[in-house]
Structures are given as structure tokens and as C-alpha cells.
Protein chains: 2
Amino acid sequence: MHFRREWHPPEVVGHRCLTRGLSDIAAMGGEPVAAFLSLALPRDLPQKWVGRFLTGLLALADQFKVPLAGGDTAQSPNGILADILVLGSVPRGKAILRSGARPGDRIYITGELGEAAAALDLMFSGRKLRPEDYPRHFHPLPRITLGRYLRQKNLASAMIDISDGLSTDLKHICEESSVGAEIRDYAIPRARMGKTGHKLELKYALHGGDEYELIFTARPERKVPSKIAGVAITEIGRITRGREMISINASGKRSRLRAEGWQHFASR
Amino acid sequence: MHFRREWHPPEVVGHRCLTRGLSDIAAMGGEPVAAFLSLALPRDLPQKWVGRFLTGLLALADQFKVPLAGGDTAQSPNGILADILVLGSVPRGKAILRSGARPGDRIYITGELGEAAAALDLMFSGRKLRPEDYPRHFHPLPRITLGRYLRQKNLASAMIDISDGLSTDLKHICEESSVGAEIRDYAIPRARMGKTGHKLELKYALHGGDEYELIFTARPERKVPSKIAGVAITEIGRITRGREMISINASGKRSRLRAEGWQHFASR
């Protein structure tokens, strides 16, 4: 459910497939060790599609020095199915989990949000997009270096990637840490869209997924750099004792923040 | 394409899924280290089905002391999809490959063949089978202990499991070893069927898949036991210099053996 053949060139599908696996390693501060790929392909799929898919996937694997170490192929009754598995390692006890946030921790996000979901919306409305204009949608990069830095410096108390959307993934941290959260919605850095350069609507930044930026929390006394590995880090709120997620707007109005992370292609 | 919900209880599907992954480790003489499972499930699948699937899979994992170490779940547009990945280890350079057969090597198979494919045929013809009567179909066991023994004793020059059928999997050895093979078809031990106890037709033993028995080759001077880990070992032929596969019947008639390993559910 993560791509459409008419919108996404095979290289992009391969790239995005591996990004998804690498991003889960990044979100724990891990080092990727090896990737495994299983493909189920319809009988009539041109071999060329598979070759180009692998070209995209292997280029990214090469960039992060992750060997493609195995996998499987099968026939699919309909549709292309790709299952990526990435093994990663961290020193024992050093993985950054979802469950380490405590009341008072500050909440940070990496990069700028919303472009991936907004690009998808444009394509659903019939627009044809050029991959080079929407790199966060077509060529998202897993935040491996950034995640490793946070782990090495013991900076993050909890972390997750934003593959399901900020509101939904923040909720995962809240649930597994048994805490709540307050975020200042106006503080969330929103991507500027394509060549037009206008800032995206808040909903995309708040609920759009498929992003591969990271949300993390840190104890209030820890000094978190404003940039790590070339990526901007922004404080957007704090962890609270209550179990609710609250969003505060620029006028100070507080409202309940619901996990409305997008179901991407599923809901259309 | 490896099961049908109306024929296979969920526990059986889980068991067979992991057998498939473990069998590939067995076929290299490896030790299974960890299993990873990805499931894509239709929205309307009862949670109970998933629970019973995992019960079957975890019972087998427990038997071989393999932890289920990770995986992923996703929604499937139609049908249940399970992707199993098993990591295994062998001492460096000791994996038994498909490419090690040499002319003159003897060809051996483990166990008795054909029951899995024959049981499938019965079900296609409308018969309802009781899993306990057809254990090789419903509860096949990966030959981990046997494969490990062959590796530790340096007995096998090449090996593969019979998941695609003897003729097709023997061809994989021939191609990757750049050799041919001659087998005595009457020497292949055929399973006796269900409660009736009649010996299966040759075609099932020769081309039936989904078996998880092993074919291996050994240098002619090596003494191969007639039983390993409680499983019968039978010599059925030898590796030749020519690239062809030849089948010899009880009257000495030679014919070309084609890789006709069954496509299981695909071809019906």
C-alpha cells in the first residue's frame, strides 16, 4: 500500500522500501548490519521492473554500506509485494526505546514535516509530480547518522520515526512510556512545498506519515544541538504526567490531539 | 500459494511457514539462530486466526529453540501473506552449498518422498484429510539435526531441500555444480499413503514438492550411514560429467529427467 506503479518509478519504490527498514534502525540509534528482501511478484511483471527496483534499493544500501544478505521470491496473485527486513546492532542496553520518556522531558523532531503526505495528496488530485521536486516523498533518507549521534551522546530518552505521522507516532511513545504530551503546533517546522515554496498546511505536518524524520524526547537538563548531522532539530513540546496528548496553538488555545496519522493509500 | 484456509488449520499454516524457513538452514548444515515473520493480513481476518497461526509457529520455534526475533505486520488487499526469514550460522567456509557436487559423487535422499504432493492432490479432488493421517503434509519437520550431522562429519559435497520437488531441486544442484545426474527411479523411497498404506505413484516422489526432505551428494569414497538422526538415508544415483539429468527404471531403460517440480497451488 506504499506505492503506485503509475506514480512511482521502480527505482523510487526500491529506495523507499529500504528506507522504511533502515529508518526503524535509525529510530533506535542502531547501526544497520544487513538487509533481507522478500518479493512476491505478479506473473506478468516485466523483469525490467524488478531490475530497476533493485537498482534503487541497492544504491541506498551502498550509501549506508548495508549488504543485501538474503531473501526470497514468490509469485503474487495480484500486486507487487515487497517485505524488507533490516538487522541492526547497538551496544547492549543502549537501544533507544519508545518506553523511556518521563514527565518533564522535552519533545524534539528532526527536519521539516508534511511533504510526503502533501505530495501524495497532489497525486491523488491528478497532478503528476517530478521526483526531484519532492525529494522527501520520492527519496526520503533514513536518519541513521543522527540516530547514532543521539545514542552515542546518551541524549534521547525515547525515540520513534514518523512513518505513521507525528500524532500517531507520538502516541506510541506516550503509550509505551505511560505518559502524556503537550505540543505547540505552531512550533512544528513545516516543509515548503515543491517549487512554489509555500508552507504546508498544519494537518500534513501533524498527521502526515511516510516521513522518516524522528521524534525523540530528552531530559530537560540535556542540551540538544539545533542541528545534528546537517539536520535541524526543533523542540516542539514536552512530556506530561497525564496520559492525554494536547496541542497548543499560537494563541495559547489548548485542544485534544488525536492520533490521526494517515493510512496513506488505504483510506482512499 | 502454500495453503488454503478451508484445508489447513491456522496452527498448520504457522507450522509449515516456519518449517519452510528452517529447512533452508537445514539444507546448508546450519544452526538456526533467529526467525523473523512478516504478515500481511486482510482487514476482515479474525484475530483468532492470527493467534492460532502463531501458536503453531511458536510451538515449532520452541522445539528448535529458535526465538521469533522480529518482523512486521501490514494490511493485505486480499489473501493472507506470511513471509518467514530464518537466520542461521555455520563455521566460516563450512556451509554445504548447491555448487559442490562433482562427477562420480553419489546422490542421496533423506526419508520417503511424495506424501505432501499426494495429499494435496487428494484435497483438490475433494477429499477431506485428517492432519494426523498425513503428517508429512500437515506437520513436516525440517531436517536440522540431520543437516548439522552431515556438515560436522564433512560428508556432503552439495545439498538442497526438496521444497520444489526432487527433479527440480536436483536440477538446481546440477546447474550450480555444472554437472549432470543419473538416478535410479526405482530406488527412490516412496511414502505409503495415509491409512491405506499403499505406495505412492512414482510421479509424486519424483516431482512432488513441499517436502523438506534433503537431497545431498557425497564423494564415492565417503561412507554414508543408512540412518542419521532417526531418518533413513537412501542412495538413488550419481553425479555425471554431462549436463543432463537421466532417469533409469527397473528394466534399465534410460530416459531424460525433466525438472517438473510441482507448482503446488499455482497450476490448478
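Caption draft 1: Structural detail: the overall build of chain A. A tally of helices and strands in chain A yields seven helices and eleven strands. Against the 2.2 N^0.38 benchmark of 18 Å for 268 residues, chain A shows a C-alpha radius of gyration of 19 Å, consistent with a compact globule. Taken over the C-alpha atoms alone, chain A extends approximately 55 × 45 × 30 Å along its principal axes. Each of the 268 residues in chain A was classed as buried or not, and the buried ones make up 46%. Of the contacts made within chain A by residues no fewer than 6 positions apart, 85% connect residues no fewer than 24 positions apart.

Caption draft 2: Geometry of the pairing of strand β10 (residues 245-248) of chain A. Residue and element names in this part refer to chain A. Side chains M245 and S247 project from β10 onto a buried face, and the interleaved I246 and I248 project onto a face without burial. Note: strand β6 (residues 180-184) against β10, four bridges, orientation parallel. The residue of β10 that forms the bridge with A181 is M245. Sheet topology note: the β10/strand β11 (residues 254-256) ladder contains three bridges and is antiparallel. Residue S247 lies in a different strand from β11, and its bridge partner there is S255.

Caption draft 3: Highlighting helix α1 (residues 10-26) of chain B. With 17 residues, α1(B) extends 24 Å from end C-alpha to end C-alpha; this agrees with the ideal 24 Å at 1.5 Å per step. Judged by how many residues are buried, α1(B) sits mostly within the fold: 16 of 17 residues are covered.

Caption draft 4: Quick look at the relation of the copies chain A and chain B. Each copy superposes on the other: chain A lies on chain B with an RMSD of 0.0 Å after a rotation of 179 degrees and an axial shift of 0.0 Å. Such values leave the two copies arranged in the relation of a two-fold axis. Among all C-alpha atoms of chain A, that of A:D83 lies closest to the rotation axis, at 3.8 Å. A symmetric contact is evident, with 100% of the interface residues of chain A recurring at the interface of chain B.

Caption draft 5: Looking closely at the domain arrangement of chain A. Residue and element names in this part refer to chain A. Under the domain assignment used here, chain A contains domain 1 (10-89) and domain 2 (106-267). For domain 1 versus domain 2, the separation of C-alpha centres amounts to 24 Å. Across the boundary between the two partners, domain 1 contributes 16 residues, which contact 18 residues of domain 2. Contributing elements (two or more residues each) for the side of domain 1 that touches domain 2: α1 (10-26) and β1 (31-41). The element contributing the most residues to the side of domain 1 that touches domain 2 is α1, with ten residues. A breakdown of the residues in the side of domain 1 that touches domain 2 according to their chemical character gives eight nonpolar, four polar and four charged.

Caption draft 6: How the structure looks around the interface of chain A and chain B. Between chain A and chain B, the residue contacts involve eleven residues of the former and twelve residues of the latter. For the side of chain A that touches chain B, the secondary structure elements donating two or more residues are β1 and β3 (81-89) of chain A. The residue makeup of the side of chain A that touches chain B, split by class, is seven nonpolar, three polar and one charged.

Caption draft 7: How the structure looks around helix α6 (residues 166-177) of chain A. Residues and elements named next belong to chain A. Compared with an ideal rise of 1.5 Å per residue, which puts twelve residues at 16 Å, α6 spans 16 Å between its outermost C-alpha atoms and is within 8% of the ideal. The element α6 is extensively covered by neighbouring structure, given that nine of its twelve residues are classed as buried. When α6 is considered as a whole, its buried residues turn out to be L166, S167, T168, D169, L170, K171, I173, C174 and S177. Of the surrounding elements, those touching the buried residues of α6 are β5 (158-161), β6, α7 (202-207), β7 (214-218) and β10.

Caption draft 8: Spatial organisation of the sheet that holds strand β2 (residues 68-75) of chain B. Residues and elements named next belong to chain B. A sheet is described by the order of its strands in space; here three strands give the open sequence β2-β1-β3, paired in mixed fashion. The sheet is open, and its two borders are formed by β2 and β3 (81-89), each paired with just one other strand. Strand-to-strand twist in this sheet, taken as the mean axis angle between neighbours without regard to direction, amounts to 15 degrees. Where strand β1 (residues 31-41) lies against β2, seven bridges are found, and the strand directions are parallel. The partner of A35 across the bridge, within β2, is L68.

The rules we used
Residues numbered from 1 in each chain as written. Chains lettered and ligands numbered in written order. Predicted model: local features only at pLDDT ≥ 70, side-chain atom pairs only at ≥ 80, totals over all residues. Helix = DSSP H or I, 4+ residues; strand = E, 2+ residues; numbered from the N terminus. Rg over C-alpha atoms; globule rule 2.2 N^0.38 Å. Buried ≥ 20, exposed ≤ 12 C-beta atoms within 10 Å, placed from the backbone. Contact = placed C-beta atoms within 7 Å. Pairing = 2+ DSSP bridges. Expected span 1.5 Å × (residues − 1). Least-squares fit on C-alpha atoms with pLDDT ≥ 70 in both. Domains from an automatic or database assignment. Nonpolar A, V, L, I, M, F, W, Y, C, P; charged D, E, K, R; others polar. Axes fitted to C-alpha atoms, helices over the stretch in contact; angles between N-to-C directions.

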